[in-house]
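Architecture and fold: a report
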Amino acid sequence: MPQPDITLPSWLAQREDYRPEHDKTGFMARNLLHLTSMVAHVKMGGGAAALAYGTGPVSPIDRALSHVSPALRLIGLLVCIALTLIAHNPVFLMLMGCVVLVMVALRPAAGIKATLLPSFGAAIVALVLAIPAIWVNGAVAMVSIAAKILLNVTLVLGVSWTVPWNRLIAGLKLFHLPDEIIFTLDLALKHIEILGRSATRLNEALVLRSVGRTRGRFDKTTSSAGVMGATFLKAYTCGQALDEAMLCRGFTGTYVCRRERVMTPAGIIYLGGIALLVLCYLLLG
Amino acid sequence: MGLTEAENAVPLIEFSHVSFAYGDATVVDDVSFAVNRGEIVALLGPNGCGKTTLMRIMNGLEFADSGTVMFEGERVDRALAKDELAAKRLHQRMGYVFQNADDQLFCPSVEEEAAFGPAQMGLPEEEVDRRVADALALFNISDLAPLAPYRLSGGQKKRVTLAAIVSMNPDVLVLDEPTNGLDEDSADAVTAFLVSYAKAGKTVVVSTHHRDFVEQLGARPIRIGKDHRLVSDAVPESAVGNVAAR
């Protein structure tokens, strides 16, 4: 069906001969864009996504550990961190190092990068902060602190890389955390990602339309404030919509969080491994 | 529109063996196509096939992992995005309307949304006011001028984003599902506008699921498959007459 002709305004029917100008405040929008992109990355670790959706290679150790309840993994993580911190014998630390190395080495490149890069960063910071220890205990103490930090951060990042946030938070039920707190934490993380993405898109829209020099009522500060305001409004409408959605599904005021089975065969084997580590600490300590 | 022969000879937008992935997930796989000046092109395909990503790459919001993307013979890549003036030129020449209007509105009123782009371009106050009035009238939202965008319905917000981008007078309009959320009359008005826009020598790239919208536009359909690869790139018979009329 032929469309009716619309008479376009004269300026729209012509080609725009526009030459943009430099703008000193252009960095603000770009930095804001970078910041909101980082916030939007609070989401399921890549390993967890690969395990859940088969979107990439997975280490066999991570695949085996995915059958263990996240609550048990949290307990195991805390035990490993505690043992590493209080260990004095370098042999035990080397043993922990071997365990961590095997776990990390079998991961895909993205997983190795996601766990090792921040760990080395943390270890370097610890090394620098522990420099005064040279005058107290010599360099051994300094290196020991850095090594422990490296091991513990790698262990923590390994868990966050492979376990989805919502399963981790649901695992807190084992520690008798009220269901409502678990629900609130879950929602908070979900909305951080959603709002982060929304803010990123708004900043992209701002960058796309900032084709010249900011002036008057459209200066960058006002526009950036507009982006933040729009994000806040989105947060408000998200909250309202969630409330209405729960009401429509018969929410009575009590949130029941389903608890995962803890004592599965995989969980028992995992606990056995942790017990073995504790035994090694007691023998080597 | 006063174009040189050289400008007419080179495709306006050219994708050459472009691939892109988010992490391990391929979203665009070896896609090649060209868009000529004055054409209306429709990207068709199932949900998640990569249409929006192609548009984002076109606008320099994402960058191809491999292959090249050209706009007016200039490569659209990270180097261009880092060049402030080149990036601004690209964004003025190529107007991008997002799929979700909420992601594109950040000014306190509809009138300011439409004025933002022209004001950035350094146009005189009277010219900015003229463009705002014309853009709002084109999409039948003049009465919404003083209102805050967040108070509007989804369809109204969509029309506000259209007005806000059109007021910058881009050479190319890239629209992600422009008729989603619009009532029949509004959708017809948008369609009529896009056809008139292309007749004035401008270029239009839309993504859509609606075949009748493609037919009404007389658009060249470019189909992307579920496997994120190009399935077909054809000139429909109904488009032939429209191109000749332009």
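Per chain, residues are indexed from 1 in the order of the written sequence. Naming scheme: in the order in which they are written, chains are lettered from A and ligands are numbered from 1. Totals for whole chains, interfaces and linings use every residue, but because this is a predicted model, local features are given only for residues with pLDDT of at least 70 and side-chain atom pairs only at 80 or more, for both listing and counting. Each side-chain value is derived from all of the structure's non-hydrogen atoms; neither hydrogens nor water enter the calculation.

1. So, the overall build of chain B
In plain terms, the rule: Helix and strand definitions follow DSSP, with helices as H or I runs of at least four residues and strands as E runs of at least two, each counted in order from the N terminus. Every radius of gyration here is taken over C-alpha atoms, with the globule rule written as 2.2 Å times N^0.38, N being the number of residues. A 1.4 Å probe rolled over the protein chains alone gives each residue an accessible area, and that area as a share of the maximum for its type sets the label: buried under 20%, exposed over 50%, partly exposed in between. Whether two residues touch is decided by their heavy atoms; if any such pair falls within 4.5 Å, the residues are in contact. To be clear on the numbers: accessible area is Shrake-Rupley with a 1.4 Å probe, and residue cover counts the displayed protein chains and nothing else. Working convention for charge: Lys and Arg count positive, Asp and Glu count negative, and His plus the chain ends are omitted. Charged side chains are reduced to one point each, which is NZ for Lys, CZ for Arg, CG for Asp and CD for Glu.
Helix and strand content of chain B: 10 helices and 10 strands. Over its C-alpha trace chain B gives a radius of gyration of 18 Å, about what one expects of a compact globule, namely 18 Å for 246 residues. Here the C-alpha coordinates of chain B stretch approximately 45 × 40 × 40 Å along the principal axes. The proportion of buried residues among the 246 residues of chain B is 56%. For chain B, the share of sequence-separated contacts (at least 6 apart) that also reach a separation of at least 24 residues comes to 66%. Per element, the accessible surface of chain B, about 9,700 Å² overall, is 48% carbon and sulfur. For chain B, the distance from the average position of its 23 positive side-chain charges to the average position of its 37 negative side-chain charges is 2 Å.

2. What about the domain arrangement of chain A?
You'll often see interface size given as the accessible area lost when the parts meet. Cut-off, in case you're wondering: Per the annotation, domain bounds derive from an automatic or database assignment of domains.
Under the domain assignment used here, chain A contains domain 1 (51-163 + 259-284) and domain 2 (177-203 + 218-254). Taking only C-alpha atoms into account, the centre of domain 1 of chain A sits 34 Å from that of domain 2 of chain A.

3. Some points on the pattern of salt bridges
A side chain of one charge can pair with a side chain of the opposite charge if their charged atoms are brought near each other. Keep this limit in mind: One speaks of a salt bridge when a side-chain nitrogen belonging to Lys or Arg is within 4 Å of a carboxyl oxygen belonging to Asp or Glu.
Summed over the entire model, instances satisfying the criterion amount to 21 salt bridges over all chains. For B:Glu113, the salt bridge identified is with A:Arg209, shortest N-O distance 2.8 Å. Here B:Glu113 is found in helix H5 (residues 110-120), whereas its partner A:Arg209 is found in helix H10 (residues 179-209) on a different chain. For the pair B:Glu113 and A:Arg209, a shared accessibility class is recorded, and that class is buried. Here B:Arg131 makes a salt bridge to B:Glu127, at a shortest N to O gap of 3.0 Å.

4. So, the pairing of strand S9 (residues 220-224) of chain B
All names here are of chain B. To keep things clear, this is the line we draw: Between any two strands, pairing holds if DSSP finds at least two bridges.
Counting buried positions along S9 yields four of five residues, so the element is predominantly enclosed. Here strand S3 (residues 40-44) pairs with S9 via four bridges, running parallel. Residue pairing in the sheet places Leu44 in a bridge with Arg223 of S9. Pairing analysis gives three bridges linking S9 to strand S10 (residues 230-233), with the strands arranged antiparallel. By the bridge assignment for S10, Arg223 is matched with Ser232. In this structure, the hairpin formed by S9 and S10 is closed by a connection of five residues, where His228 is found at a positive phi of approximately 70°.

5. Quick word on the side chain of A:Ser59
Residue and element names in this part refer to chain A. Rules: Nitrogen and oxygen atoms within 3.5 Å of one another constitute a polar contact, given that in protein one can donate a hydrogen and the other can accept it, and given that sequence-neighbouring residues count only through two side-chain atoms.
Structurally, Ser59 can be placed in the loop between helix H2 (46-53) and helix H3 (60-65). A distance of 3.2 Å separates a polar side-chain atom of Ser59 from the backbone nitrogen of Ile61. Beyond its immediate sequence surroundings of up to four residues, Ser59 is in contact with Met103, Leu106, Arg107 and Pro108.

6. Some remarks on the interface of chain B and chain A
Threshold: Throughout, the accessible surface (probe 1.4 Å) given up by two parts as they are put together, summed over both, is called the buried area. Residue polarity follows a fixed list, in which Ala, Val, Leu, Ile, Met, Phe, Trp, Tyr, Cys and Pro are nonpolar, Asp, Glu, Lys and Arg are charged, and the others, Gly among them, are polar.
The partner chain A presents 44 residues to the 61 residues of chain B that form the contact. Across the chain B/chain A interface, buried area totals approximately 4,800 Å², and carbon plus sulfur atoms make up 58% of it. Considering only the surface of chain B that becomes buried against chain A, B:Lys88, B:Phe106 and B:Gln120 emerge as the three largest contributors, covering 16% of it. Applying the counting criterion to the chain B and chain A interface returns five salt bridges. Joining chain B to chain A, the criterion identifies 16 residue pairs in polar contact (both at pLDDT 80 or more). At the level of elements, helix H4 (84-93), H5, helix H6 (125-138), helix H7 (154-166) and helix H8 (184-199) of chain B are the ones that each hand at least two residues to the side of chain B that touches chain A. Counting residues per element, the side of chain B that touches chain A draws most heavily on H8(B), which supplies nine residues. Here the side of chain B that touches chain A is composed, by residue class, of 26 nonpolar, 12 polar and 23 charged.

7. Here we look at the sheet that holds strand S4 (residues 66-71) of chain B
Within a sheet, adjacent strands bond to each other through the backbone by hydrogen bonds, running parallel or antiparallel. Residue and element names in this part refer to chain B. The sheet built from four strands is open, its strands ordered S2-S1-S4-S5 with antiparallel pairing. Each having just a single partner strand, strand S2 (25-35) and strand S5 (74-75) make up the two edges of the open sheet. Of the strand pairs in this sheet, strand S1 (residues 13-22) and S2 are connected by seven bridges, and their pairing is antiparallel. Across the sheet, residue Ala21 finds its bridge partner in S2, namely Thr26.

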